[in-house]
Amino acid sequence: KPSSAASDVYKRQKEYQYLDLKSLGTNKLDQIPFSHKILLENALRHSLEDETREKDVDSILNWDAKAGKAIEISFTPSRVILQDFTGVPAVVDLAAMRDAVASMKGDATQINPLSPAELVIDHSVQVDHFGSNDALEKNNKVEFERNQERYKFLRWGQEAFSHFLVVPPNTGIVHQVNVEYLGRVIFSKESDDNLMAYPDTLVGTDSHTTMINGIGCLGWGVGGIEAEAVMLGQPIYMLLPEVVGFELTGALKPGVTATDMTLCIVEMLREHGVEGKFVEFHGDGLSSMSLPDRATIANMAPEYGATCGFFPVDEVTLDYMRLSGRDQVHVENVKRYLMAQGMFLSADSPTPQFTSSLSLDLSTVDPALAGPQRPQDRVVLSEMQPHWKTSLPAPSGP
């Protein structure tokens, strides 16, 4: 049943309801990976509206990490993030649906995204001017002149559709905008005169949507048709992923960069085999890892083949939310919600049961260069000279 949570330190007094996972059994929850807890809450919340989702609750709650059994579940993301190459066609489809409804004498205004959709314009932006202080202003002017029809259409879409937001060009790359600004970590939605709190989950029309997992939002890339279906309220049907636990210990040596660390992790995960799986990071090494470093590793999920590389929310996440300008009350609510749900990572958090496990002592990572063709083909810097001499006369191949 929904539980209420209120705080006497709220600057703006509000009461939120949430689905209490602990009511399902604390012992089982301690064994479930943090990423699966988000799927569990999703299934539990939507089972209130659709009784068939109750089997998803049982499947996730009783998941056997070592069984290797394929179990299908339904997942309804909280929102959809779009980039312009794939997002504009989705808006065109919604406009065409409105035309079709209008031609049948129906109410076209009823055609709207049911899940919030946010479109960031970045992929199609071109650079015509550079090397001057006013280059950004000049490029912006050319961009709007060159693509007037597109921007007029998107302006209409933002005004015509509910739950649809357009982030204009020259704001930033979609993944960075998502991490710095759009990611809520904990969502809230008004329903039946109540505010319901629940984890921020998403799918996006770009493979590197996974960057958002660096701040504890569960999400990954999908195709345009699948994204449109989610926008229209349809769940995603998926196999409950295996979860590879990746323990990080220690801290990086001076002079070793986040790129060096990421290349090492990519190499380990490619060798282990994580295709179609979740990778969940844990261990005392997280406390020394900055949020941008986490986001870099999460962003590389397509390179190591996983569905996502997930970092549970901890104090580092909250510090980043404050640094990036999130409302202080919201940040406090995020921590309060996650602690109430057993989803906030701390030093005394129990280690969940994983399908398989890897471990990396960050102090053993050395400076390295990425391979000439693939990032996982890294070469440690100290071995660069003999590697070059060996590679130079070697025949080239695929």
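Refer to the structure printed above.
Now for a quick tour of the structure. Just so it is clear, the structure is predicted and the values come from calculations on it, not from any experiment. (Residues numbered from 1 in each chain as written. Predicted model: local features only at pLDDT ≥ 70, side-chain atom pairs only at ≥ 80, totals over all residues. Heavy atoms only, no water.)

1. Describing the packing of aromatic side chains
Tallying each qualifying case throughout the model produces 10 aromatic pairs. Ring plane angle 40° and centroid distance 5.4 Å describe the contact between Phe-246 and Phe-281, whose orientation is recorded as tilted. Here Phe-246 is found in strand S12 (residues 243–249), whereas its partner Phe-281 is found in strand S13 (residues 278–282), with 35 residues between them in sequence. By the burial criterion, Phe-246 is buried, and Phe-281 matches it. Every member of this aromatic cluster is reached through a ring pair, and the members are Phe-153, Trp-156, Phe-161 and Phe-164. Here the guanidinium or amino end of Lys-37 rests over the ring plane of Phe-34, the centre of that ring lying 4.7 Å away. Across from the ring centre of Tyr-198, 3.9 Å away, lies the NZ or CZ of Arg-45, which sits over that ring. (Phe/Tyr/Trp six-rings, centres within 6.5 Å; stacked < 30°, edge-to-face > 60°. Helix = DSSP H or I, 4+ residues; strand = E, 2+ residues; numbered from the N terminus. Buried < 20%, exposed > 50% of the residue type's maximum accessible area, 1.4 Å probe, protein only. Lys NZ or Arg CZ within 6 Å of the ring centre and 35° of its normal.)

2. Overview of the nonpolar core
With 108 residues, the main nonpolar core has Phe-246, Phe-281 and Tyr-304 as its most contacted residues. Ranked by the residues each element gives to this core, the list is headed by helix H9 (residues 258–272), at seven residues. Once residues lying within four places of it in the same chain are set aside, the contact partners of Tyr-304 are Val-266, Leu-269, Arg-270, Val-274, Val-279, Phe-281, Ile-297, Ala-298 and Gly-309. (Core = buried A, V, L, I, M, F, W, Y, C linked by side-chain atoms within 4.5 Å. Contact = heavy atoms within 4.5 Å.)

3. A short note on the sheet that holds strand S10 (residues 218–221)
Pairing in this open sheet of five strands is parallel, and the strands run S6-S5-S4-S9-S10 from one edge to the other. With one partner strand each, in any of the chains shown, strand S6 (164–167) and S10 form the two edges of the open sheet. Ignoring strand direction, the axes of neighbouring strands in this sheet form an average angle of 20°. Summarising the sheet, strand S5 (residues 117–120) and S6 pair through four bridges and their orientation is parallel. Pairing of Glu-118 across the sheet is with Leu-165, part of S6. Across the sheet, helix H4 (residues 84–103) touches strand S4 (79–83), S5 and S6, and the angle it forms with S4 is around 115°. (Pairing = 2+ DSSP bridges. Axes fitted to C-alpha atoms, helices over the stretch in contact; angles between N-to-C directions.)

4. Quick word on helix H8 (residues 224–231)
Within H8, burial applies to Ala-227, Glu-228, Val-230 and Met-231. Down the axis of H8, the sector holding all buried residues measures 160°, keeping them to one side. Residues of H8 that are buried in the fold lie against S4, H4, S5, strand S9 (201–204) and strand S11 (236–239). Of the residues trailing H8, Gly-233 is marked for its positive phi of about 90°. (Arc of directions from axis to C-beta.)

5. Some remarks on a negative patch on the surface
Taken together, the side chains of Glu-49, Asp-50, Glu-51, Glu-54 and Asp-58 present a region of like negative charge at the surface. Position of Glu-51 among the secondary structure elements: in the loop between helix H2 (34–46) and helix H3 (54–61). (Patch = residues over 30% accessible without salt bridge, like charges linked within 9 Å, V, L, I, M, F, W, Y side chains within 5 Å. Areas by Shrake-Rupley, 256 points an atom, 1.4 Å probe, with all protein chains shown as cover. Salt bridge = Lys/Arg side-chain N within 4 Å of Asp/Glu carboxyl O. Lys, Arg positive; Asp, Glu negative; His and termini not counted. Charge placed at Lys NZ, Arg CZ, Asp CG, Glu CD.)

6. Here we look at the sheet that holds S13
Ordered by their spatial adjacency, four strands build an open sheet running S14-S13-S12-S15, and the pairing between neighbours is parallel. Each edge of the open sheet carries a strand with a single partner, namely strand S14 (308–310) and strand S15 (356–361). Strand-to-strand twist of the sheet, defined as the mean angle between neighbouring strand axes without regard to direction, takes the value 20°. Of the strands in this sheet, S12, S13 and S14 touch H2, which is tilted by about 120° from S13. Contacts between H9 and the sheet are confined to S12, S13 and S15, with S15 contributing the most and set at about 155° to the helix.

7. Focus: the pattern of salt bridges
Side chains carrying opposite charge are able to pair once their charged atoms draw close together. Under the counting rule described, the total for this entry stands at 15 salt bridges. Here Asp-56 and Arg-53 are joined by a salt bridge, their closest N and O atoms 3.3 Å apart. Here Asp-56 and Arg-53 have matching classes, each one buried. Between Arg-322 and Glu-332 there is a salt bridge whose closest N-O contact spans 3.8 Å. On the criterion of sequence distance, the pair formed by Arg-322 in helix H12 (residues 315–323) and Glu-332 in helix H13 (residues 328–340) is long-range, its members being 10 residues apart. On the basis of relative accessibility, which here comes to 29%, the residue Glu-332 falls in the partly exposed class. Salt bridges sharing common partners tie together Arg-79, Glu-118, Arg-184 and Asp-200.

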